[in-house]
Amino acid sequence: MSFLKPASPQVASNVRNKIALKPGHSLMDWVRFKSKNKPLQPRRITPQELGQHKEIGDVWTAIHGAVYDITAYVDYHPGGADELMRGAGIDSTDLFNEVHKWVNFQNMLKEYLIGYLVDTPKKVSQVPGKASLTVPQLQPPVSHRVIPVGTKFTFDSYQTERCFTLIVYGKTTLTNQVKSCFFYGMINKKALKVFVHCIDKKFLLDLSLYSDLQKFDIRSSNLKFEIVIHKQLEAIWPSEGAHSSQSKTISENSNNLVVFEVICTENIEATHDTRLLTFRYLHDFHALPPMGSHVFVFNPDDKSLVDKKPYTVYNVIDHSTFQLLVKKYKNGIMSTYVCSLQANQTAQMQGFDHFIDLNVLHKNKNIIILAAGTGITPFYRIIKELSRNKHFTDHSCSLIFFNKTQSDILEKEKLEELQRQMKKPEIIHVLSQENWDGLTGHIELSHLTKFSPKSLYLTCGPKMFMKKSVEVLSSKGVPHSNIIEFSG
């Protein structure tokens with residue numbers, strides 16, 4: 001379920017309209033075909049040059065600053081040539097993210113990378129009597145660009161004989177009242193390389209430790225992030241260690257994803273058709289995923305690491321462990337695979353994408369959550385945050401949870417326990433296939449009578465539920481800016 005900012009109620013569904021491809025044009029055919037192409041040396045490409053390649057037989061496009069010659073890929077595109085040609089000759093990053101941002105385009109198109117998109121060269125003054133040639137600077141993909149000073153990070157540290165604490169402070173001129181950060185990276189006995197994300201920027205900490213660590217702890221609050229290193233041998237270190245040349249640099253917080261391996265530690269029944277799976281990161285990888293973000297599970301039969309399915313991170317236990325709630329569909333290849341994972345089995349994943357700006361929620365004192373089935377997955381962590389974060393003390397929160405029967409209600413006990421402890425959220429169950437004393441039917445205006453059209457509405461569930469919920473909210477007079485959709 002991906003978080004979309006509420007500028008528009010329109011949501012790009014992750015379900016693609018596929019067409020019948022010619023024989024010999026499957027995904028694996030493309031993998032074999034592209035492997036024969038010899039990559040070119042990347043060069044500078046201006047928007048003007050990019051725009052000259054927009055016809056069948058000569059198609060270029062740019063995604064996240066990288067320019068690809070996709071002429072050969074047109075006949076292999078599952079969505080058809082017309083859909084692909086929407087991005088011909090332009091920067092198609094937004095189009096790509098709308099339709100299938102979970103696709104690993106870098107791997108799919110790496111043999112056809114021809115350069116990086118740069119701004120049009122600017123005129124410069126010439127020294128009299130000397131020729132002047134202006135060459136645009138070659139820009140790497142967005143994730144590697146160094147940005148001007150704006151959002152600032154400060155690095156600090158202190159130590160005792162037993163511990164060395166590394167601290168990253170995020171500082172911003174924004175007037176946001178609610179600030180948060182998340183991280184991912186590698187931490188082992190001798191070194192660490194972590195990215196700390198705060199709002200729209202990220203800070204890299206990359207160093208070899210002065211001496212071995214025994215264990216470490218992670219602490220994160222607002223815009224303060226700490227790594228507490230427990231030393232293997234008690235002593236005062238001259239410093240934390242040797243930083244790389246890229247350490248302590250700031251870059252844009254683009255949605256570039258990182259691949260990692262996990263091991264399943266538990267797989268238990270949540271309901272008759274849904275499993276609650278617990279995973280632990282392997283190979284020294286650690287993370288605190290942002291609320292509302294996905295992990296993308298790779299199809300184990302696809303060695304090219306292209307075919308993958310997004311699942312919302314349902315719960316984060318600590319920096320080593322997280323949980324997914326996955327419904328098993330009868331003909332669902334990926335859901336069947338994930339739900340069948342047993343303890344000690346490993347899986348390849350990728351993460352993490354969108355995260356929720358809590359300030360969007362903070363602006364409205366009344367928050368209404370509409371969830372259907374596994375549409376509850378992005379909201380469990382949000383509800384916990386609303387219940388425990390001091391910035392939301394004066395906010396009300398109601399959850400209207402739509403299911404077929406009582407046996408389909410996911411995590412019912414956990415939600416009710418949270419309600420008892422924190423007095424949030426108000427929980428209203430609606431069942432469509434069971435006669436009981438509560439509300440019944442599919443989502444309709446009568447279910448929302450007690451709520452104001454001025455409230456903020458968050459909604460997530462199956463495609464038809466999402467469509468109907470927006471229709472009902474619109475008929476209630478809820479402005480589009482007050483509707484936030486989470487799509488699967």
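Residues numbered from 1 in each chain as written. Predicted model: local features only at pLDDT ≥ 70, side-chain atom pairs only at ≥ 80, totals over all residues. Heavy atoms only, no water.

### A look at the sheet that holds strand E22 (residues 321-327)
What counts here: Two strands qualify as a pair provided that DSSP identifies no fewer than 2 bridges between them. For helices the rule is a DSSP run of H or I covering at least 4 residues; for strands it is a run of E covering at least 2, with both sets numbered from the N terminus onward. The angle between two axes is taken between their N-to-C directions and runs from 0 to 180 degrees, where each axis is a line fitted to C-alpha atoms and a helix contributes only its stretch in contact.
Read from one edge to the other, the open sheet built from seven strands follows the order E20-E19-E23-E16-E17-E22-E21, with strand pairing classed as antiparallel. Edge positions in the open sheet fall to strand E20 (308-312) and strand E21 (315-318), since each of these has one partner strand only. Within the sheet, the average angular offset between the axes of one strand and its neighbour, ignoring direction, is 40°. In terms of strand pairing, strand E17 (residues 274-281) meets E22 through seven bridges, oriented antiparallel.

### As for the pairing of strand E19 (residues 294-298)
The line we're drawing: Throughout this description, buried means an accessible area under 20% of the type-specific maximum (1.4 Å probe, protein chains only), exposed means over 50%, and partly exposed covers the range between.
In terms of burial, E19 is a largely internal element, five of the five residues being buried. Alternating residues of E19 divide into His 294, Phe 296 and Phe 298 and Val 295 and Val 297, and every residue in both groups is buried. Relative to E20, E19 is paired through five bridges, and the arrangement is antiparallel. Directly across from Val 295, in E20, lies its bridge partner Tyr 311. Note that E19 and strand E23 (residues 346-351) share three bridges and pair antiparallel. Paired with Val 297 across the strands is Met 349, a residue of E23.

### Things to note about the packing of aromatic side chains
Geometrically, a pair of aromatic rings is defined through the distance of the ring centres and the angle of the planes. The following threshold applies: Pairing of aromatic rings covers Phe, Tyr and Trp, the last counted by its six-membered ring, and requires centre-to-centre distances within 6.5 Å; plane angles under 30 degrees mean stacked, over 60 mean edge-to-face, and any other angle means tilted. Whether a charge sits over a ring depends on NZ of Lys or CZ of Arg being within 6 Å of the ring centre and within 35 degrees of the ring normal.
With the rule as written, the count across this model stands at 20 aromatic pairs. Between the aromatic rings of Phe 183 and Phe 225, the centroid separation amounts to 5.0 Å while the plane-to-plane angle is 45°, which identifies the pairing as tilted. Within this pair, whereas Phe 183 is found in strand E9 (residues 181-187), its partner Phe 225 is found in strand E13 (residues 224-231), the two being separated by 42 residues in sequence. Judged by relative accessible area, which is 0%, Phe 183 ranks as buried. Through successive ring pairs, a cluster of aromatic residues spans Tyr 184, Phe 195, Phe 260, Phe 279, Tyr 281, Phe 285, Phe 322 and Phe 352. When the ring centre of Phe 195 is taken as reference, the NZ or CZ atom of Lys 202 above it lies at 5.1 Å. When the ring centre of Phe 296 is taken as origin, the NZ or CZ atom of Lys 308, which lies over that ring, is 5.6 Å away.

### Structural notes on the environment of Leu 27
As for its position among the elements, Leu 27 is in helix H1 (residues 27-34). Its relative accessible area of 33% is what places Leu 27 among the partly exposed residues. In the structure, Leu 27 is positioned 51 residues away from Pro 78 in sequence and 8.4 Å away in space, judged by C-alpha atoms.

### Side note on the environment of Gly 115
This is how it is decided: The contact criterion used throughout is that any non-hydrogen atoms of two residues lie within 4.5 Å.
Along the polypeptide, Gly 115 turns up in strand E6 (residues 113-117). You can call Gly 115 buried: its relative accessible area is 0%. In sequence terms Gly 115 and Arg 44 are 71 residues apart; their C-alpha atoms lie 5.7 Å from each other. Here Gly 115 is in contact with Pro 42, Arg 43, Ile 45, Gly 65, Ala 66 and Val 67, once residues within four sequence places are set aside.

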